[in-house]
Amino acid sequence: MRRLLNILMMLALAVLSANSQTAKQVLDKTAAALSNKGGVTASFSITGKNIGTTSGKISVKGRMFQATTPQAIVWFNGKTQWTYMKNQQEVNVSNPTEAELQAINPYNFINIYKKGYKYTMKTVGAGYEVHLKATDTKRQIQEMYITVNKSSYTPSQVKMRQGKKWTTINVSSLKKSNLANSVFTFPAKDYPNAEVIDLR
């Protein structure tokens, strides 16, 4: 009986290991698909308990991104983030955390999934749904569900949990592009009347 239990445990571990490896391979391929040297552009919508629903367009190149919504424009050059609030005509300058980046940049997962998460995966329709769960309870993002197209390995949805709050980001119309690095830095000359508030 004990031998049978040992075999079953080894089989279960093997299956879990195989699923984890496959899930990571899918995320690796997704990260590669998004790592176009010139960058990528896409449309997105975000829904969350405290943020309501908003939509817009995003440009991504490596860790850098620029996102435009009806309420704001965000530039991030890999270190510094500028958030221009259209109604207030003010720019908040900050060095964002991992969780803050994930909340505005649906592709930030390609920079954080490789360390500190366990993976499982299942097939959902024409895509893979990869479930990531943090191994450290202090991580700001404790869980993520990433839905990836089977043929193109491009993400169509990212769901993440911070504390008890879930945020859902839907992505569409992803295209490879050739973006200059200047796209990801706040163009101060274009906003001469904006009040700059440095929060760093």
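How each quantity is defined
Residues numbered from 1 in each chain as written. Predicted model: local features only at pLDDT ≥ 70, side-chain atom pairs only at ≥ 80, totals over all residues. Heavy atoms only, no water. Buried < 20%, exposed > 50% of the residue type's maximum accessible area, 1.4 Å probe, protein only. Helix = DSSP H or I, 4+ residues; strand = E, 2+ residues; numbered from the N terminus. Pairing = 2+ DSSP bridges. Core = buried A, V, L, I, M, F, W, Y, C linked by side-chain atoms within 4.5 Å. Contact = heavy atoms within 4.5 Å. Axes fitted to C-alpha atoms, helices over the stretch in contact; angles between N-to-C directions. pLDDT = per-residue confidence, 0-100.

Engineer: Any chance you could explain the pairing of strand E4 (residues 72-76) here in plain terms?
Structural biologist: In summary, the side chains of a regular strand alternate between the two faces of the sheet. In terms of burial, E4 is a largely internal element, five of the five residues being buried. Of the two faces of E4, the one holding Ala 72, Val 74 and Phe 76 and the one holding Ile 73 and Trp 75 are both buried throughout. Across four bridges, the pairing between strand E3 (residues 64-68) and E4 is antiparallel. Within E4, the position partnered with Ala 67 by the bridge is Val 74.

Engineer: Explanation requested: the nonpolar core in the structure shown.
Structural biologist: The nonpolar side chains of soluble globular proteins are, as a tendency, buried together. Judged by nonpolar contacts, the single largest core of 19 residues is most densely connected at Leu 27, Tyr 117, Leu 132 and Met 144. Contributing elements (two or more residues each) for this core: helix H1 (2-34), strand E7 (117-124), strand E8 (127-134), strand E9 (143-149) and strand E10 (155-162). Not counting residues within four places of it along the chain, the set of residues in contact with Tyr 117 comprises Glu 98, Ile 112, Leu 132, Lys 133, Ala 134, Thr 135, Arg 139, Ile 141, Gln 142 and Met 144. If you look at the next biggest cluster of nonpolar residues, it comprises 13 residues, including Val 40, Ile 46, Val 60 and Val 74.

Engineer: Honestly, unusual backbone geometry in this entry has me stumped. Any pointers?
Structural biologist: Residues apart from glycine generally show negative phi values, whereas peptide bonds are mostly found in trans. One non-glycine residue, Gln 89, adopts positive backbone phi at about 55 degrees. A residue is classified by how much of its surface remains accessible, and Gln 89, at 40% relative accessible area, is partly exposed. In this structure, Ser 173 is a non-glycine residue whose phi angle is positive, near 55 degrees. On the secondary structure map, Ser 173 appears in strand E11 (residues 165-176).

Engineer: What's the story with the sheet that holds E10 in this structure? I'm lost.
Structural biologist: Within a sheet, adjacent strands bond to each other through the backbone by hydrogen bonds, running parallel or antiparallel. Spatially, the twelve strands line up as an open sheet ordered E7-E8-E9-E10-E11-E1-E2-E3-E4-E5-E6-E12, and their pairing is mixed. A single partner strand is all that each edge strand has here, and the edge strands are E7 and strand E12 (195-198). The sheet shows a mean angle of 20 degrees between the axes of neighbouring strands, taken without regard to direction. Relative to strand E6 (residues 90-94), strand E5 (residues 81-85) runs antiparallel, the two sharing five bridges. Counterpart to Gln 81 in the pairing with E6 is Ser 94.

Engineer: Just to check I follow, could you spell out the pairing of E11 for this structure?
Structural biologist: Bridge count for strand E1 (residues 40-48) against E11 is eight bridges, and the pairing is antiparallel. Of the residues in E11, the one forming a bridge with Ser 43 is Ser 172. Summarising the sheet, E10 and E11 pair through six bridges and their orientation is antiparallel. Residue pairing across strands places Val 158 opposite Ile 169, the latter belonging to E11. Here E10 folds back onto E11, and the loop between the two strands holds two residues, one of which, Gly 163, carries a positive phi near 65 degrees.

Engineer: Just checking my understanding: could you explain the confidence of the model for the protein for this structure?
Structural biologist: Interpretation of this model should avoid reading the predicted coordinates in detail wherever pLDDT is low. Here the protein averages 81 in pLDDT, while 84% of its residues score no lower than 70. Predicted confidence is poor over residues 1-21, with pLDDT under 50, and the contacts of this stretch with residues over four places away or in other chains come to one contact.

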